[in-house]
Each structure stands twice: as C-alpha cells, then as structure tokens.
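Each chain, letter by letter, is given below.
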Amino acid sequence: MTENEPIDPRELRVSDAERSHVVSVLQKAIGHGMLSLDEFTARTDIALAAKTRGELNAVLVDLPGVTHQDPNAPVREKPVELRANMSTLKRVGRWTVPRELIVRNRLGSTELDFSEAEIEHAEVRIVLDVSGGSVKLLLPERASAVTDEVTVNAGAVKDKVGSGGGRPRFVLAGTVTMGSLHLRRASYVRIGSLLFRSPWKISRAAD
C-alpha cells in the first residue's frame, strides 16, 4: 500500500468498546430468534478476538439490519417489524417504507401496497417469517423483485414481478411454511384527468 492509497474501511482497527457493543447486538439477536445459543457462543468468540472492522462485521453480516460501521454508528437503522397473528394487517396509500422489513405472520393475512408509498431506497429488503398465513405485496409499476432467498415449506410463491433492472428493487428472504406469498406490480391507464390503476383504483392524474 502506497502512502497516498486510501485505507479500506474494513481494515480499520476496532476498540474493546466496539467489540462489547457487537456482543450486545448478538445477545439481542438471540432474543429475536435469529441465533441459537451455540451460534451466539461461536460468534462472540470471533467478535472478542476481532482486530479489524471487517472481522467484526463477519459475525453480523447475515443478521437483518445489523452492520458495524464505525465507533459512532455501530448499528444501522433497525428493521421495522410487522406482525399478523390470526389477524389481518394492511399498509396502503401514502406510508413510509423502511430499508428493511420483517413480516411475521401466523395464520393471518398481510397485505402491503407499495404503489403509492414513499420509498427513498433503491433496494428494500423484506424478511418473511410466515406460518399458515398469506402475504400479498403490490409493488410499484417499475419495481423488480428477487425471491431466491425465500425458503418454501409446503407453501406457494406466486411471483408476477420477477427480477430485472427495475427500481426500487425488493429483495425477499426468510421462510414460508404452509402459507403463500403473492407478488404483483401495479399498472396504470390514463383517461383524460383520471388515472385508473390495476388492481382497481381511480385517482386524479397529475398534470
């Protein structure tokens, strides 16, 4: 490395305080059911022995919404968790979409309409924890979706969106057990001052 070559952030040294913070994050991951006790023990040993930020990040990389960045901002924004336990949960109209969502569904129905939502991120990650329930996602007209990381057990995934270069890009992961996941895009037809959306909705077209 030359004198003027920038240092890779992953090679920056970490302090004891940062190691301790990551251990506390791993403890929270146990509480959310993301790690087993054995996994927590193994990752804690790695975190406490870590010398660089890259080594410290390695124990967090597969935990949704968690990344060690720097001493002043060790954890990214937390994912928003939505729960539907034998109930119906809907998000429609103008709502703010976080960078990461966790959808927990037990024998319930979850319907998320992103077509008119405020989406500030080029990529939105959705982690599914579905058992015996249904999840329906209505994505913006030019969005794309990736469902390769979704594990289906005695359930069904119907993807009418598919991957591609569309934005925003929705990346789905997690499990669907004895349930269903349905993705589709909104489409529009303008007639005069009216805008017709499929699924069915009429609104005033913007000038």
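Attention in this report is confined to the structure presented alongside it. Residue numbering note: each chain is counted from 1, following its sequence as written. In view of the model being predicted, local features appear only for residues whose pLDDT reaches at least 70, and side-chain atom pairs are presented and counted only at 80 or more, with totals across whole chains, interfaces and linings using the full set of residues. The basis for every side-chain value is the complete set of non-hydrogen atoms in the structure, without hydrogens or water.

Looking at the overall build of the protein chain
Operational definition: Only runs of H or I of at least four residues qualify as helices and only runs of E of at least two qualify as strands under DSSP, and these elements are numbered from the N terminus. Buried, partly exposed and exposed residues are distinguished by accessible area as a fraction of the type maximum, computed with a 1.4 Å probe on protein chains only: under 20%, between the cut-offs, and over 50%, respectively. By definition, residues are in contact when any of their heavy atoms lie within 4.5 Å. Each accessible area is a Shrake-Rupley result for a 1.4 Å probe, and residues are judged covered by the shown protein chains and nothing else.
Tallying secondary structure elements over the protein chain gives 3 helices and 15 strands in all. Relative to its full complement of 207 residues, the protein chain shows a buried share of 39%. When contacts within the protein chain are restricted to residue pairs at least 6 apart in sequence, those whose partners lie at least 24 apart make up 56%. Here the protein chain displays about 12000 Å² of accessible surface, and carbon together with sulfur accounts for 51% of that area.

Points about the sheet that holds strand E8 (residues 134-139)
Applied cut-off: Two strands pair under a simple rule: DSSP has to find at least two bridges between them. Angles run from 0 to 180 degrees between N-to-C directions of axes, and those axes are lines fitted to C-alpha atoms, restricted for helices to the stretch in contact.
Pairing in this open sheet of 5 strands is parallel, and the strands run E2-E5-E8-E12-E10 from one edge to the other. With partners counted over all chains shown, the strands left at the sheet margins are strand E2 (88-91) and strand E10 (156-159), one partner each. For this sheet, the mean inter-axis angle between neighbouring strands, taken without regard to orientation, is 5°. Pairing geometry for E2 and strand E5 (residues 109-113), over 4 bridges, is parallel. Note on E5: the bridge partner recorded for Arg91 is Leu112.

Brief notes about the environment of Met86
Residue placement: Met86 occurs in the loop between strand E1 (80-85) and E2. Taking the relative accessible area as the measure of exposure, Met86 reaches 68% and is therefore exposed. Counting along the chain gives 47 residues from Met86 to Gly133, while the straight-line C-alpha distance between them is 8.2 Å. With near-sequence residues (within four places) excluded, Met86 lies in contact with Arg106, Leu107 and Gly108.

Description of the sheet that holds strand E7 (residues 123-131)
Read across the sheet, 5 strands follow the order E1-E4-E7-E11-E9 without closing on themselves; strand pairing throughout is parallel. Each edge of the open sheet is held by one strand with a lone partner, namely E1 and strand E9 (144-153). Across the sheet, the mean angle from the axis of one strand to that of its neighbour is 10°, orientation sign disregarded. Pairing of strand E4 (residues 100-106) with E7, which is carried by 7 bridges, proceeds in the parallel orientation. The residue of E7 that forms the bridge with Ile102 is Val127.

Comments concerning helix H2 (residues 37-49)
Inclusion rule: Residue count minus one, scaled by 1.5 Å, sets the expected span of a helix. Summarising the geometry, the arc corresponds to the directions from the helix axis toward the C-beta atoms.
With 13 residues, H2 extends 19 Å between its outermost C-alpha atoms, agreeing within 8% with the 18 Å of an ideal straight helix rising 1.5 Å per residue. Listing the buried residues of H2 in full gives Phe40, Arg43, Thr44 and Ala47. Around the axis of H2, the buried residues are gathered within 110° of arc, so they sit on the same side. Turned more than 90 degrees away from the buried face of H2 sit Asp38 and Ala49, all of them exposed. Residues of H2 that are buried in the fold lie against helix H1 (16-31) and helix H3 (53-57).

Some remarks on the nonpolar core
Convention followed: The term nonpolar core refers to a set of buried residues drawn from Ala, Val, Leu, Ile, Met, Phe, Trp, Tyr and Cys, joined through side-chain atoms within 4.5 Å.
Core analysis: the largest hydrophobic core is formed by 26 residues, its most contacted members being Phe114, Ile126, Leu128 and Leu137. Elements that contribute at least two residues to this core include exactly E1, E4, E7, E8, E9, strand E11 (169-177) and strand E12 (180-185). When residues in this core are grouped by element, the largest group, 4 residues, is from E7. Apart from the residues within four sequence positions on either side, Leu128 is in contact with Val103, Val135, Val150, Leu172, Ala173, Gly174, Thr175, Val176 and Leu181. Core analysis: the next-biggest nonpolar cluster, separate from the first, contains 14 residues, Val14, Ala29, Ala47 and Leu60 among them.

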